[in-house]
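Next come the chains, spelled out residue by residue.
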Amino acid sequence: METVFWVLGCLFCIITMIVNGFVIFLVCSQRELRTKTNTFVVLKRSHVDYFEAILYWRKCFS
């Protein structure tokens, strides 16, 4: 059962990093998406989620 939680946690990390990386890429690359709201809410939240996933990923393998 512990293995199942470990695998699900790692999959969640991978999916979170991919999706938040995509959001960061879209906001930075698309001029229409670079509004004040997106900069302060969406982009900062994506950065926090991305780095949270990295920290959890490191916890899985330590």
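Structure: above.
Let us look at the structure shown here. (Residues numbered from 1 in each chain as written. Predicted model: local features only at pLDDT ≥ 70, side-chain atom pairs only at ≥ 80, totals over all residues. Heavy atoms only, no water.)

Some words on the packing of helix α1 (residues 2–29) against helix α2 (residues 36–60)
Point 1. In contact at an axis separation of 9 Å, α1 and α2 are set at 150° when each is read in the N-to-C sense. In terms of orientation, α1 lies roughly antiparallel with respect to α2. The hand of the α1/α2 crossing is left-handed.
Point 2. Looking at side-chain class alone, the contact of α1 with α2 contains 17 nonpolar, 6 polar and 1 charged residues. (Axes fitted to C-alpha atoms, helices over the stretch in contact; angles between N-to-C directions. Helix = DSSP H or I, 4+ residues; strand = E, 2+ residues; numbered from the N terminus. Parallel < 35°, antiparallel > 145°, perpendicular 65-115°, else oblique. Left-handed = near helix turned anticlockwise from the far one by under 90°. Nonpolar A, V, L, I, M, F, W, Y, C, P; charged D, E, K, R; others polar.)

Brief notes about the pattern of salt bridges
Point 1. Counted under the stated rule, the structure contains 1 salt bridge.
Point 2. A salt bridge links Asp 49 to Arg 45; the shortest N-O distance between them is 3.4 Å. Residue Asp 49 and its partner Arg 45 are located together in helix α2, separated by 4 residues, close to a single helical turn. (Salt bridge = Lys/Arg side-chain N within 4 Å of Asp/Glu carboxyl O.)

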